[in-house]
Protein chains: 2
Amino acid sequence: MSQSVGCTAWFTGLPCSGKTTVARKAQEILQQQGYRVELLDGDELRKHFSAGVGFSKEDRSNHLKRVSFLAHLLTKHGVIVLASFVSPYRENRDYARQLIGKQFFEIYADAPLEVCIKRDVKGMYKKALAGEIKDFTGVQDPYEVPPSPELVLKTAEEPLEQSVEKLFAFLKSRNVLSNGVAVRV
Amino acid sequence: MSQSVGCTAWFTGLPCSGKTTVARKAQEILQQQGYRVELLDGDELRKHFSAGVGFSKEDRSNHLKRVSFLAHLLTKHGVIVLASFVSPYRENRDYARQLIGKQFFEIYADAPLEVCIKRDVKGMYKKALAGEIKDFTGVQDPYEVPPSPELVLKTAEEPLEQSVEKLFAFLKSRNVLSNGVAVRV
């Protein structure tokens, strides 16, 4: 099976909020079921699009504009794009929404800062709190909560499978996925 | 009809050598026939990927790396990418080739410099020759001729239709296009 309707599911949230974990699990399942799907992940994309570029507001903005254009073209050609970016500023997410149009869906990975700090998968919060790195979202830099995301995932409370199920139910409601798709754990 | 085999046809050549003219005509015909096709054009892409970035060797290299990644993902998802970039340095084209793999095809728009200067569609050669702009390929900057492109278009001699026909014949030989595709003028 190969779908023809593309979309961009744009995951936003604090570092370590679980964005990429949900996106990766969803990617794995959808690929198994024959969907054309692409995971765009912050770290990987920086290598290709913004090598040597920092994390100031302007740097983030330029980077996310590039990512938005990529997501736009993939969406246009029928790919399900799972875009996982902290993307802390509303204006950057709104830029993506405007470029991509009605197939753009903002997915907010809503986990409390203290949970994210406790997880600290790559030890980045620790470094930021010690002042070793700057411009870190949640520590020195603000995170602007989405005022009206299409979907909120409570990634600190829900098991992973539940978040993925909520995502799939949402994508079915928008006719991106067929009803047959199920989470297999 | 919708093909499933993607590719990147990477047009390279001097400014005003006719790259985009051929790519645009090919795009128009392929779209009419139901192919998934995307034209990536230098000027347009700079807006999205490298706003404010110049034309030094390093700037060009960074820009073309971004473009290569975009072309790679579109190709992977079955899109026929027509990429039209002066891309004067071999190493940048080789980077794209390595990233995209066997579905990368280098198309050399081979027109003599004097013909390109005479065409001068946007008046850029005139400005470059007057020293008003720098880093202009063919004037201050070198153009490294592809040593072994998959296809050479003699865009100063051939009528446009002939170049497009040669492109289509080549893409048929690589099973990207079906035999039914014809140039309609």
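Residues numbered from 1 in each chain as written. Chains lettered and ligands numbered in written order. Predicted model: local features only at pLDDT ≥ 70, side-chain atom pairs only at ≥ 80, totals over all residues.

Residues and elements named next belong to chain A. As for its position among the elements, Lys 25 is in helix H1 (residues 19-32). C-beta crowding within 10 Å serves as the criterion here: with 18 such atoms nearby, Lys 25 is assigned to the partly exposed category. Separated by 135 residues in the primary sequence, Lys 25 and Leu 160 have C-alpha atoms spaced 8.3 Å apart. If sequence neighbours within four positions are ignored, Lys 25 has contacts with Leu 160 and Val 164. (Helix = DSSP H or I, 4+ residues; strand = E, 2+ residues; numbered from the N terminus. Buried ≥ 20, exposed ≤ 12 C-beta atoms within 10 Å, placed from the backbone. Contact = placed C-beta atoms within 7 Å.)

Before going further, it helps to examine the interface of chain A and chain B. If you look at the interface, chain A gives 12 residues, while chain B gives 12 residues. Those elements that provide at least two residues to the side of chain A that touches chain B are helix H2 (42-49) and helix H3 (57-76) of chain A. Per-element tally for the side of chain A that touches chain B: the top contributor is H3 of chain A, with six residues. Tallied by class, residues from the side of chain A that touches chain B come to six nonpolar, two polar and four charged. (Nonpolar A, V, L, I, M, F, W, Y, C, P; charged D, E, K, R; others polar.)

So, about the relation of the copies chain A and chain B. Least-squares fitting of chain A to chain B yields an RMSD of 0.0 Å, with the transformation described by 0.0 Å of translation along the axis and a rotation of 180°. Such a combination of rotation and displacement between the chain copies is what one expects of a two-fold axis. Looking at the interface residues of chain A, 100% of them are also at the interface in chain B, so both copies use one shared face. (Least-squares fit on C-alpha atoms with pLDDT ≥ 70 in both.)

All names here are of chain B. Taken together, five strands build an open sheet; the order of strands is E2-E3-E1-E4-E5 and the sheet is parallel. With one partner strand each, in any of the chains shown, strand E2 (37-41) and strand E5 (151-153) form the two edges of the open sheet. Strand after strand, the sheet turns through a mean of 20° between neighbouring axes, direction not considered. Relative to strand E4 (residues 104-109), strand E1 (residues 7-12) is paired through five bridges, and the arrangement is parallel. By the bridge assignment, Thr 8 is partnered in E4 with Phe 104. Along the sheet, helix H3 (residues 57-76) makes contact with E1, E2 and strand E3 (80-84), crossing E3 at roughly 160°. (Pairing = 2+ DSSP bridges. Axes fitted to C-alpha atoms, helices over the stretch in contact; angles between N-to-C directions.)

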